[in-house]
Amino acid sequence: MSEQRITLTVNGRNIEFEAEPRKLLLDALREDCHLSGTHAGCEHGVCGACTVLVDGRPTRSCLCFAIQMEGHEVQTIESVGMPQKLSVLQQALHECHGLQCGFCTPGIVMTFEAYLKDHPEPTEADIREALSGNLCRCTGYQNIVAAIALAARRMREASPHDQ
């Protein structure tokens, strides 16, 4: 197959590169955009480690082609928080010990950055249901669930006019 010029809008920047049309978004992010925060896990869309936001919606980057993302806004974990200033969700995960090895963390963060915007008052059952698409081999999920609930509460308290 011949390579084509692909332009992706990733974290607010246009990135151009040459790639075969069959190149996965996951591989393009890591290899061509030099963004290593999106992790390759199962490569079947099951584990959630490769989750990014496409136009604000969680998307498994191992299940779509980079070329399909032209004209769409892709956000990766690199767009969320900074080491000196974590997002509300990242800070809650840190405080609640909701991560261990960190492999699944980018996918969980991206999933819940979007989820909490649409579901500002999730119950524990809601959180567990939404979390079911993100596999973690290190934890029993309890601290992750507690962190997401804490983040949701803090986000509501920071935006009382939105309720």
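Refer to the structure presented above.
Residues numbered from 1 in each chain as written. Predicted model: local features only at pLDDT ≥ 70, side-chain atom pairs only at ≥ 80, totals over all residues. Heavy atoms only, no water.

Student: Could you give me a rundown of the nonpolar core, with the residues and numbers involved?
Tutor: Counting 26 residues, the largest nonpolar core has Leu89, Phe112, Ile144 and Ile148 as the members making the most contacts within it. Of all the elements in the fold, those that place two or more residues in this core are α2 (88–95), α3 (105–118), α4 (124–131) and α5 (142–158). Beyond its immediate sequence surroundings of up to four residues, Phe112 is in contact with Leu89, Ile127, Ala130, Leu131 and Ile148. With 17 residues, the next largest nonpolar core counts Phe17, Ala19, Leu25 and Ala28 among its residues. (Core = buried A, V, L, I, M, F, W, Y, C linked by side-chain atoms within 4.5 Å. Buried < 20%, exposed > 50% of the residue type's maximum accessible area, 1.4 Å probe, protein only. Helix = DSSP H or I, 4+ residues; strand = E, 2+ residues; numbered from the N terminus. Contact = heavy atoms within 4.5 Å.)

Student: Give me the lowdown on the pattern of salt bridges, citing residues and values where you can.
Tutor: For side chains of opposite charge, pairing can occur when their charged atoms come near one another. For the structure shown, the criterion picks out 8 salt bridges. Notably, a salt bridge pairs Arg22 with Glu20, separated by 2.7 Å at the nearest N-O pair. In this structure, Glu157 and Arg153 form a salt bridge, with 3.4 Å as the shortest nitrogen-oxygen distance. Taken together, the residues Glu157 and Arg153, both in helix α5 and 4 residues apart, mark about one turn of the helix. A relative accessible area of 40% places Arg153 in the partly exposed class. (Salt bridge = Lys/Arg side-chain N within 4 Å of Asp/Glu carboxyl O.)

Student: Describe the packing of aromatic side chains, with residues and values.
Tutor: Tallied over the entire structure, the rule returns 1 aromatic pair. Both rings, one in Phe112 and one in Tyr115, keep their centres 5.4 Å apart while their planes meet at 65 degrees; by these two values the pair is edge-to-face. Here Tyr115 and Phe112 lie together in helix α3, a separation of 3 residues that amounts to about one turn. Judged by its relative accessible area of 14%, Tyr115 falls in the buried class. (Phe/Tyr/Trp six-rings, centres within 6.5 Å; stacked < 30°, edge-to-face > 60°.)

Student: Give a detailed account of the pairing of strand β3 (residues 51–54), specifying residues and quantitative values.
Tutor: Burial along β3 is two-sided: Thr51 and Leu53 facing one way and Val52 and Val54 facing the other are all buried. Bridge count for β3 against strand β4 (residues 57–60) is 4 bridges, and the pairing is antiparallel. Paired with Leu53 across the strands is Pro58, a residue of β4. Linkage of β3 to β4, two consecutive antiparallel strands, is achieved through a turn of 2 residues, within which Asp55 is found at a positive phi near 55 degrees. Summarising the sheet, β3 and strand β5 (residues 73–75) pair through 2 bridges and their orientation is antiparallel. By the bridge assignment for β5, Leu53 is matched with Gln75. (Pairing = 2+ DSSP bridges.)

Student: Quick rundown of helix α1 (residues 25–32)? Include the residues and the values.
Tutor: If you check which residues of α1 are buried, you get Leu25, Leu26, Ala28, Leu29 and Asp32. The inward-facing, buried residues of α1 abut β1 (4–10), β2 (13–19), β3 and β5. Positive phi shows up at His34, right after α1, with a value of about 60 degrees.

Student: Describe the packing of α2 against α5, listing the residues and the values that go with them.
Tutor: The relative placement of two packed helices is expressed as an angle between their axes plus a distance between the axes. One can describe the packing of α2 onto α5 by two numbers: an axis separation of 8 Å at closest approach and a directional angle of 140 degrees. Classified by the angle between their axes, α2 and α5 sit oblique to one another. Regarding α2 and α5, the two cross each other, and that crossing is right-handed. Residues Val88, Leu89, Gln91, Ala92, Leu93 and Glu95 of α2 lie in contact with α5, whose contacting residues are Ile144, Ala147, Ile148, Leu150, Ala151, Arg154 and Met155. When grouped by side-chain class, the residues that make up the contact of α2 with α5 number 10 nonpolar, 1 polar and 2 charged. (Axes fitted to C-alpha atoms, helices over the stretch in contact; angles between N-to-C directions. Parallel < 35°, antiparallel > 145°, perpendicular 65-115°, else oblique. Left-handed = near helix turned anticlockwise from the far one by under 90°. Nonpolar A, V, L, I, M, F, W, Y, C, P; charged D, E, K, R; others polar.)

Student: Explain α3 to me, using residue names and the numbers behind them.
Tutor: Helix length check: α3, at 14 residues, gives a terminal C-alpha distance of 20 Å against a target of 20 Å (1.5 Å per residue), a fit within 8%. Counting buried residues in α3 gives 12 out of 14 residues, a clear majority hidden from the surface. Turning to α3, its buried residues are Thr105, Pro106, Gly107, Ile108, Val109, Met110, Thr111, Phe112, Glu113, Ala114, Tyr115 and Leu116. (Expected span 1.5 Å × (residues − 1).)

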